[in-house]
Amino acid sequence: MGSLKSEEALESNCTNPLNPDELRRQGHMIIDFLADYDKTIEDHPVCSQVEPGYLSDALPRSPPYMPEPLERIVDDIRKHIVPGLTHWQSPNFFGYYQSNASTAGILGEILCSGFGVVGFSWVSSPAATELESLVMEWLGEMLKLPRPFLFSGGGGGVIHGNTCEAIICTLAAARDKMLRESGEKNITKLVVYCSDQTHCAFKKAAQVVGINARNIRAINTTKVTEFGMCPSSLKQAIATDIKEGLVPLYLCATVGTTSTSAVDPVKELCRVAEEHNVWVHVDAAYAGAACICPEYRGLIDGVELANSFSFNAHKWFLTGLDCCCLWVKDSAALRQALSSQAEYLRNKPSESKKVINYKDWQISLSRRFRALKLWLVLRSHGVANLRKYILSHVRLAKLFEELVGEDDRFEVVCKRNFALVCFRISPSVLSKQGLSTGYLSGDASIDNDNIKDEHTVKEPVTTTSNINDVNKRLLEEINGTGQVFMTHAVVGGVYAIRFAVGATLVQERHVRLAWKLVQGHADAILRDRP
């Protein structure tokens, strides 16, 4: 009899997929599951320990013919999905740049899915459009963006899914604006500029909008400029391109690079670009959120000279993934490049020009109600608490940097700007073990027995490849424990271990535990060296 009732309940659930009673019952079940997951997240290895193809061996090859109860599905999630996750919300996750979750962000995501609106135009959901416009004005005020970036100043903001989308949209706007002025025949002559530290999404975006791969200029950076783009190098590259009959189009300046959190000198780069009518986009995907803190706002000084600015709210703003905020001064250029025209989209409010239709601010037509979760986060935490939260991560990163500095076997590879520390086992330690193959003054810069950068011969060091191999092994062994997770970068030929603080649940004890783990594995590796 019980089995029959269960089958009837499943059949009823399928004939009425949005049963309010079942939504309440099953919703409680999922919330309980997630709450328990967050409570015990430190019990899991941070980085998944499964082998490729594990899931196809664990789950059926064909979909179920008859419906299954959520209880059974959740059980499979617990047994098969969770072990295959790298736990990004773990307080021991120090890799990449984090995508922060929060109670407000999760509940906002539920509301977004629950309402199920597709807010491509004002008419399709006025609240979705107007809340997004309001939230973007709030954020602009928090960042102290110049008025021309705001709706109130003739510009405006939009929430995209990711930085790549924001760059594609602004590239398209810059491209079309330039071609209207110089003629469409110049499409093959357009040149875009970035640094060798700019996120790889920029090159992808440039090729998507039709920029010849040979016309993408990656300006070399060095440790001397702290891996920020050098304005004089940009100026020289632009001059060379103009001399060759090419058309400078777009510059992507970065505030908080992926590898080292380096900061490009925004104001100086904008002044170079301004001389040649080059569109400047400031990509502050990682560090933009930190600029709501007075301590960091100065790093985007000069943004008033730029054409567009973006940052990821899912880094430090507790929204969860899928929340890139973009502002443009020339919103008309953006709309002109991205406008979607179809008869079924025509309506009186749109034709009145009194409303915003966000379909014309993005690539796709459909769009999610992303503003809702950002609005919930801002109201639930407030500006003051968001600042405290960001600065707490900076303090923990500074603590880790100090711990590295106290151990003379290690060195910090480059300047810490925010909550990322790049470090490695010092070349001098390896040199003392009789592994030296050359002599340098300063940083280890021997590669295949060739001395780089004309260093004075003084201090014994090992080859760069040997040093890199040792640090690569250190990172692999640390991550292999499952106790913490870090990632790496290669800058100036140097393999650096990246320790990025940013998980929502991270505390000082997690940072100290991670450092002890690093020291322990370094001890073992250095003992093993001949």
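Quick caveat, the model's predicted, so the values are computed rather than measured.

Undergrad: Help me understand the sheet that holds strand 5 (residues 279–283) in this model?
TA: Strands sit in the order 1-7-6-5-4-2-3 across an open sheet of 7 strands; the sheet is mixed. Two strands close off the open sheet at either side, each with one partner strand: strand 1 (156–160) and strand 3 (216–219). Taken over all neighbouring pairs, the strand axes of this sheet differ in orientation by 20° on average, direction set aside. Two strands pair when backbone bridges link them, and strand 1 and strand 7 (residues 324–328) are joined in this way by 5 bridges, in the antiparallel orientation. Each residue of the ladder has a partner; that of Gly 156, found in strand 7, is Val 328.

Undergrad: Please explain the packing of helix 16 (residues 464–480) against helix 17 (residues 508–528) as it appears in this structure.
TA: Two packed helices can be described by the angle between their axes and the distance between those axes. Contact pair helix 16 / helix 17: the axes reach a minimum separation of 10 Å and the direction vectors enclose 130°. Between helix 16 and helix 17, the interaxial angle falls into the category oblique. When the axes of helix 16 and helix 17 are compared, the crossing they make is right-handed. In contact with Val 470, Arg 473, Leu 474, Glu 477 and Ile 478 of helix 16, helix 17 contributes Leu 517, Val 518, His 521, Ala 522, Ile 525 and Asp 528. Within the contact of helix 16 with helix 17, the residues separate by chemical class into 7 nonpolar, 1 polar and 3 charged.

Undergrad: Help me understand the nonpolar core in this model?
TA: What tends to happen in soluble globular proteins is that the nonpolar side chains get buried as a cluster. Among the nonpolar cores identified, the biggest contains 112 residues, and Leu 139, Phe 309, Phe 311, Phe 317, Trp 327 and Met 486 are the most heavily contacted of them. The element best represented in this core is helix 14 (residues 370–406), accounting for 17 residues. Leu 171, Leu 190, Val 247 and Tyr 250 belong to the second largest nonpolar core, which has 36 residues in total.

Undergrad: I would appreciate a short explanation of the packing of aromatic side chains in the present structure.
TA: Centre distance and the angle of the planes are the two values used to describe a pair of aromatic rings. Taken as a whole and assessed by the stated rule, the structure comprises 22 aromatic pairs. With 6.4 Å between their ring centres and 35° between their planes, Phe 93 and Tyr 96 make a pair best called tilted. Its relative accessible area of 43% is what places Tyr 96 among the partly exposed residues. Between the aromatic rings of Tyr 296 and Phe 418, the centroid separation amounts to 5.2 Å while the plane-to-plane angle is 40°, which identifies the pairing as tilted. In this pair, Tyr 296 is assigned in helix 11 (residues 294–297) and Phe 418 in the loop between strand 8 (410–412) and strand 9 (420–425), connecting sequence segments 122 residues apart. Among the residues examined, Tyr 296 registers a relative accessible area of 12% and is labelled buried.

Quick notes on the rules
Residues numbered from 1 in each chain as written. Predicted model: local features only at pLDDT ≥ 70, side-chain atom pairs only at ≥ 80, totals over all residues. Heavy atoms only, no water. Pairing = 2+ DSSP bridges. Helix = DSSP H or I, 4+ residues; strand = E, 2+ residues; numbered from the N terminus. Axes fitted to C-alpha atoms, helices over the stretch in contact; angles between N-to-C directions. Parallel < 35°, antiparallel > 145°, perpendicular 65-115°, else oblique. Left-handed = near helix turned anticlockwise from the far one by under 90°. Contact = heavy atoms within 4.5 Å. Nonpolar A, V, L, I, M, F, W, Y, C, P; charged D, E, K, R; others polar. Core = buried A, V, L, I, M, F, W, Y, C linked by side-chain atoms within 4.5 Å. Buried < 20%, exposed > 50% of the residue type's maximum accessible area, 1.4 Å probe, protein only. Phe/Tyr/Trp six-rings, centres within 6.5 Å; stacked < 30°, edge-to-face > 60°.

All quantities given are derived from atomic positions and should not be read as evidence of function.
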